[in-house]
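Spelled out, the chains give:
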Amino acid sequence: MADLAHTLGFVVFPYIALTVFVVGHAYRYLADWKHWNARSSQFLHTESLRFASSMFHWGALLTLVGHAGGMLIPQWMYDLAGISAQAHNALAYWLGLLAGLLMVPGAIWLFARRLRQERIAATTSLNDCVLLGLIILVSALGLYNVLFTHYDVLYSIAPWIRSVVVLAPEPELMSPVPLSYKLHILTALLLLGYSPFTRLVHIWSVPAAYVLRSFIVFRRRTA
């Protein structure tokens, strides 16, 4: 039974989450494009959003960059660049600590703001609460791992992630991994699969075309 649960968690579930992530975003973009936005509540109460939003978004950016660079790039490439495994671990620790200390308080602040501000609470859906709850859970588990476990992920979790990406999963790499790391990974996959049905879709809407637009646009009035 334990082997079956391990296989479901670290072979089957990652592909279910990734499939829902890709297909869900495609469906949402084609079928629900009018709601493809952040549904920002800034105009309802600006002051309470300013610092919380900055903390959360900087933490999220550092998290994405750190995980992509630390997990998807094998250590031998860092060795070629003169970055040892020890230096890599130290960089991951401090970057993860900074990201967690920004993201966890920022997400909690955003959640509290939605519950305490009357006008914002009136526009908050169950979907918003579930999303913020998942974000807080995932980021809190990540911060806990940084502060208290100090497990070396370079030769266990990182190669497992790369094995999933190349469609050759090696679940045995996850067997010795501490429970807190497994929970962090599984909840992160759950968040990944849930994200297409939330306001998080706005992260894919980068207004790159605005860079190419003229600062002033003149339009000729038609008769």
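Higher on the page you've got the structure.
Quick caveat: nothing in here was measured; it's all calculated off a predicted structure.

Calculation rules
- Throughout this description, residue numbers start from 1 for each chain and increase along the sequence as written.
- Where totals are concerned, whole chains, interfaces and linings use all residues; where local detail is concerned, this predicted model gives features only for residues with pLDDT of at least 70, and gives and counts side-chain atom pairs only at 80 or more.
- Calculation of side-chain values draws on the structure's entire complement of heavy atoms; hydrogens and water are dropped beforehand.
- The helix and strand labels rest on DSSP assignments: H or I over at least four residues marks a helix, E over at least two residues marks a strand, and numbering proceeds from the N terminus.
- When accessible area is computed with a 1.4 Å probe and restricted to protein chains, residues below 20% of their type maximum are described as buried, those above 50% as exposed, and intermediate ones as partly exposed.
- Two residues qualify as a contact provided that any one of their heavy atoms is within 4.5 Å of a heavy atom in the partner residue.
- The Shrake-Rupley method, run with a 1.4 Å probe, gives the accessible areas here. Residue values count only the displayed protein chains as cover.
- Here, expected helix span is obtained from the residue count minus one, scaled by 1.5 Å.
- Angles shown run from 0 to 180 degrees and are taken between the N-to-C directions of axes, each axis being a line fitted to C-alpha atoms and, for helices, limited to the stretch in contact.
- Angle categories: roughly parallel below 35 degrees, roughly antiparallel above 145, roughly perpendicular from 65 to 115, and oblique for all the rest.
- Should the near helix be turned anticlockwise from the far one by less than a right angle, the crossing is left-handed, and should it be turned clockwise, the crossing is right-handed.
- Residue classes follow a fixed rule: Ala, Val, Leu, Ile, Met, Phe, Trp, Tyr, Cys and Pro count as nonpolar, while Asp, Glu, Lys and Arg count as charged, and any other residue, Gly among them, counts as polar.
- A pair of Phe, Tyr and Trp rings is counted when the ring centres sit within 6.5 Å of each other, with Trp represented by its six-membered ring. The angle between the planes then sorts it: under 30 degrees is stacked, over 60 is edge-to-face, the rest tilted.
- Definition used in this section: a nonpolar core is a set of buried Ala, Val, Leu, Ile, Met, Phe, Trp, Tyr and Cys residues joined via side-chain atoms within 4.5 Å.

Regarding the overall build of the chain
Item 1. When helices and strands are counted, the chain shows eight helices and zero strands.
Item 2. Taken across its 223 residues, the chain has 36% of its residues classed as buried.
Item 3. The long-range share in the chain, meaning contacts at least 24 apart out of those at least 6 apart in sequence, stands at 79%.
Item 4. Surface accessibility of the chain: about 14200 Å² in total, with carbon and sulfur atoms responsible for 71%.

With respect to helix α2 (residues 50-71)
Item 1. Helix length check: α2 (22 residues) gives 31 Å between terminal C-alpha atoms against 32 Å at 1.5 Å per residue, within 8%.
Item 2. Among the residues making up α2, those that are buried are Ala52, Ser53, Phe56, Gly59, Ala60, Gly69, Gly70 and Met71.
Item 3. Close packing links the buried residues of α2 with α3 (75-80), α4 (85-116), α6 (126-148) and α7 (157-165).

Observations concerning the packing of α6 against helix α8 (residues 179-194)
Item 1. Relative orientation of the contacting elements α6 and α8 amounts to 150°, with a least axis distance of 9 Å. Here α8 runs roughly antiparallel to α6, going by the angle between their axes. Pair α6 / α8 crosses with left-handed handedness. On α8, the residues that touch Asn127, Val130, Leu131, Leu134, Ile135, Leu137, Val138, Leu141, Gly142, Tyr144 and Asn145 of α6 are Ser180, Tyr181, Leu183, His184, Thr187, Ala188, Leu190, Leu191 and Tyr194.
Item 2. When its residues are assigned to classes, the contact of α6 with α8 shows 14 nonpolar, six polar and no charged.

Observations regarding the side chain of His25
Item 1. With respect to the helices and strands, His25 occurs in helix α1 (residues 2-31).
Item 2. Beyond its immediate chain neighbours, meaning those up to four positions away, His25 contacts Val20, Trp36, Ser195, Pro196, Val201 and Trp204.

Focus on the packing of aromatic side chains
Item 1. One pass over the full model with this rule turns up four aromatic pairs.
Item 2. The interplanar angle of 45° and the centroid separation of 5.1 Å between the aromatic rings of Tyr144 and Phe148 together place this pair among those described as tilted. Of the two residues, Tyr144 and Phe148 both sit in helix α6, four residues apart, roughly one turn of that helix.
Item 3. With a relative accessible area of 57%, Phe148 lands in the exposed category.

What about the nonpolar core?
Item 1. Within the largest apolar cluster, 15 residues are counted, with the highest numbers of intra-cluster contacts made by Phe56, Met103, Ala107, Leu110, Leu131, Ile135 and Leu191.
Item 2. Where this core is concerned, the elements lending two or more residues are α2, α4 and α6.
Item 3. The leading source of residues in this core is α6, at six residues.
Item 4. Ignoring any residue separated from it by four or fewer positions in sequence, one finds Leu110 in contact with Leu49, Ala52, Ser53, Phe56 and Leu132.
Item 5. Listed in part, the 13 residues of the second largest apolar core include Ala17, Trp160, Met174 and Val177.

Quick notes on unusual backbone geometry
Item 1. In this model, His150 sits at a positive phi of 60°, which is unusual for a non-glycine residue.
Item 2. Within the secondary structure, His150 is located in the loop between α6 and α7.
Item 3. Of the residues examined, His150 reaches a relative accessible area of 52% and is grouped as exposed.
Item 4. For Leu167, which is not a glycine, the phi torsion comes out positive at approximately 65°.
Item 5. When you line up the elements, Leu167 lands in the loop between α7 and α8.

Keep in mind these numbers describe shape, not what the thing actually does.
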